[in-house]
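# Report on the structure
Here is what each chain is made of, one letter per residue.
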Amino acid sequence: LDPETGMHIVSPYDIYFTQATIRSTFQDGRPMTETLRQLETSAIPIEAVPNIRVVWYKGRYWTLDNRRLWVFQRLKRPIKVILCHKDFV
């Protein structure tokens, strides 16, 4: 838990997807691969991408933001997540 923000810091590999497949673009039409490239080259800061919302269910983190999780898994570094109550879903 990050004491400054109250957010959990988690490896993206410890978060499970909630969909079997995901579209390759975000809702605004930007390709996920372009966002990944921009993050890898520091063209955009990681703070420019909204934090992933997760729920804790059956002993695991489950994402509410599958496309962002896909990007963050490829960055291979811990991320801040917003823990939502499972009734939020």
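Just so it is clear, the model here is predicted, and its values are computed rather than measured.

## Points about the side chain of Thr-63
Tracing the backbone shows Thr-63 in strand β4 (residues 60-63). Leaving out residues up to four positions away in the same chain, Thr-63 has contacts with Ile-15, Tyr-16, Phe-17, Thr-18, Ile-52, Arg-53, Val-54 and Leu-69.

## Brief notes about the packing of aromatic side chains
Counted according to the given criterion, the structure contains 2 aromatic pairs. Taking 5.2 Å as the distance between ring centres and 35° as the angle between the ring planes, the aromatic pair formed by Tyr-16 and Trp-62 counts as tilted. Remark: Trp-62 occurs in strand β4 and Tyr-16 occurs in strand β2 (residues 15-16); sequence separation between them is 46 residues. Since its relative accessible area comes to 34%, Tyr-16 is described here as partly exposed. Ring centres of Trp-56 and Tyr-61 lie 4.8 Å apart, and the angle between their planes is 70°; this geometry places the pair in the edge-to-face category. On the basis of relative accessibility, which here comes to 15%, the residue Tyr-61 falls in the buried class.

## Description of the layout of surface pockets
Its boundaries defined by the atoms lining it, the largest pocket holds a volume of some 340 Å³. As for the largest pocket, its lining consists of 16 residues, and the residues nearest its centre are Phe-26, Gln-27, Asp-65, Arg-67 and Arg-68. With 3 residues, helix α2 (residues 66-75) is the largest single contributor of residues to the lining of the largest pocket. Tallied by class, residues from the lining of the largest pocket come to 7 nonpolar, 4 polar and 5 charged. Approximately 170 Å³ is the volume found for the second largest pocket. Residues that form the lining of the second largest pocket fall into these classes: 6 nonpolar, 1 polar and 3 charged.

## Points about the side chain of Asp-65
By the secondary structure assignment, Asp-65 is in the loop between β4 and α2. Reaching out from Asp-65, the side chain makes a polar contact with the backbone nitrogen of Arg-53 at a distance of 2.7 Å. When sequence neighbours within four positions are dropped, the list of residues in contact with Asp-65 reads Asn-51, Ile-52 and Arg-53.

## Topic: the pairing of strand β3 (residues 52-57)
Taken together, the 4 bridges between β3 and strand β5 (residues 79-84) define a ladder with parallel strand orientation. Paired with Arg-53 across the two strands is Ile-82, which belongs to β5. Counted along the chain from β3 to the antiparallel partner β4, the turn is 2 residues long, and its residue Lys-58 has a positive phi close to 55°.

## Observations regarding the sheet that holds β3
Taken together, 5 strands build an open sheet; the order of strands is β1-β5-β3-β4-β2 and the sheet is mixed. Looking at which strands have only one partner, the edges of the open sheet turn out to be β1 (8-10) and β2. Sheet topology note: the β2/β4 ladder contains 2 bridges and is parallel. Of the residues in β4, the one forming a bridge with Ile-15 is Tyr-61.

Reading the values: the criteria
- Residues numbered from 1 in each chain as written.
- Predicted model: local features only at pLDDT ≥ 70, side-chain atom pairs only at ≥ 80, totals over all residues.
- Heavy atoms only, no water.
- Helix = DSSP H or I, 4+ residues; strand = E, 2+ residues; numbered from the N terminus.
- Contact = heavy atoms within 4.5 Å.
- Phe/Tyr/Trp six-rings, centres within 6.5 Å; stacked < 30°, edge-to-face > 60°.
- Buried < 20%, exposed > 50% of the residue type's maximum accessible area, 1.4 Å probe, protein only.
- 1 Å grid on protein atoms, 1.4 Å probe; cavity = no way out; pocket = protein on both sides within 12 Å on 5 of 7 lines; lining within 4 Å.
- Points joined across faces, edges and corners; volume = space filled by probe spheres on them.
- Nonpolar A, V, L, I, M, F, W, Y, C, P; charged D, E, K, R; others polar.
- Polar contact = N/O pair within 3.5 Å; in protein donor to acceptor, adjacent residues only side chain to side chain.
- Pairing = 2+ DSSP bridges.

These values are about where atoms sit, not about what they do.
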